[in-house]
Amino acid sequence: MRLLSRIRELRRPLLEATAHCDLPCGVYDPAQARIEAESIKAVQEKYQANEDPEFRERAVLIKEQRSELVKHHLWVLWTDYFKPPHFEKYPELHDLFNRATKAAGAAGTKGSMDPAKGQELLDLIAQIDKIFWETKAAA
């Protein structure tokens, strides 16, 4: 028994570290979501200007893939970067992320070839971006 207890004691971490993010700050940035959303809007515009069915099929596929990437990047920010103090200071943040991820989903850019949907997504990401940089400046 003493040996087992000694082994447990040796395996216990000597130093506990805490951090705001999963990795050192600088890893997270809404720019990733914005770049994908800009691509979505550009694809939607090109789709509207082209009648070739093969081109249009490819455009839809690319737009759907980019929409999933936007949702991924937003979810990472929402769940990994933003913490309770941010949500306290910016009570609209949860709703903003919810609306932005839905704007990238089936009812938004993923399900529509309308460039107006792409612009709506970009506008929501811009609001998240503004709050993000305010939190970075305060850190």
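In short, a report on the structure. Worth saying up front: this structure is predicted, and the values here are computed from it rather than measured. (Residues numbered from 1 in each chain as written. Predicted model: local features only at pLDDT ≥ 70, side-chain atom pairs only at ≥ 80, totals over all residues. Heavy atoms only, no water.)

Taken as a whole and assessed by the stated rule, the structure comprises eight aromatic pairs. A centroid spacing of 6.2 Å and a plane angle of 55 degrees characterise the contact between F82 and F87, whose relative ring orientation is tilted. Ring geometry for F82 against F132: centres 6.4 Å apart, planes inclined by 80 degrees, an arrangement best described as edge-to-face. With F82 in the loop between α3 (53-81) and α4 (84-89) and F132 in helix α6 (residues 115-138), this residue pair connects regions lying 50 residues apart in the sequence. Here the aromatic residues Y28, W78, Y81, F82, F87, F97, F132 and W133 are joined through ring pairs into a cluster of three or more. The side chain of R56 reaches across the aromatic face of Y47, ending 3.9 Å from its centre. (Phe/Tyr/Trp six-rings, centres within 6.5 Å; stacked < 30°, edge-to-face > 60°. Helix = DSSP H or I, 4+ residues; strand = E, 2+ residues; numbered from the N terminus. Lys NZ or Arg CZ within 6 Å of the ring centre and 35° of its normal.)

With that settled, consider helix α2 (residues 31-48). In this model α2 runs 26 Å from its N-terminal to its C-terminal C-alpha over 18 residues, within 8% of the 26 Å that 1.5 Å per residue would give. For α2, the set of buried residues is A31, A33, E36, A37, I40, V43, Q44 and Y47. Buried residues in α2 make contact with α3 and α6. (Expected span 1.5 Å × (residues − 1). Buried < 20%, exposed > 50% of the residue type's maximum accessible area, 1.4 Å probe, protein only. Contact = heavy atoms within 4.5 Å.)

Judged by nonpolar contacts, the single largest core of 25 residues is most densely connected at V70, L74, F82, L93, F97 and L121. Those elements giving two or more residues to this core turn out to be α2, α3, α5 (93-103) and α6. Beyond its immediate stretch of four places on either side in the chain, F82 contacts L77, F87, L93, F97, I131, F132 and T135. (Core = buried A, V, L, I, M, F, W, Y, C linked by side-chain atoms within 4.5 Å.)

According to the stated counting rule, one finds seven salt bridges in the structure shown. One salt bridge in this structure joins R66 and E36, with 3.3 Å as the shortest N-O distance. Residue R66 is found in helix α3, and its partner E36 is found in helix α2; the two are separated by 30 residues along the sequence. Judged by its relative accessible area of 15%, E36 is buried. (Salt bridge = Lys/Arg side-chain N within 4 Å of Asp/Glu carboxyl O.)

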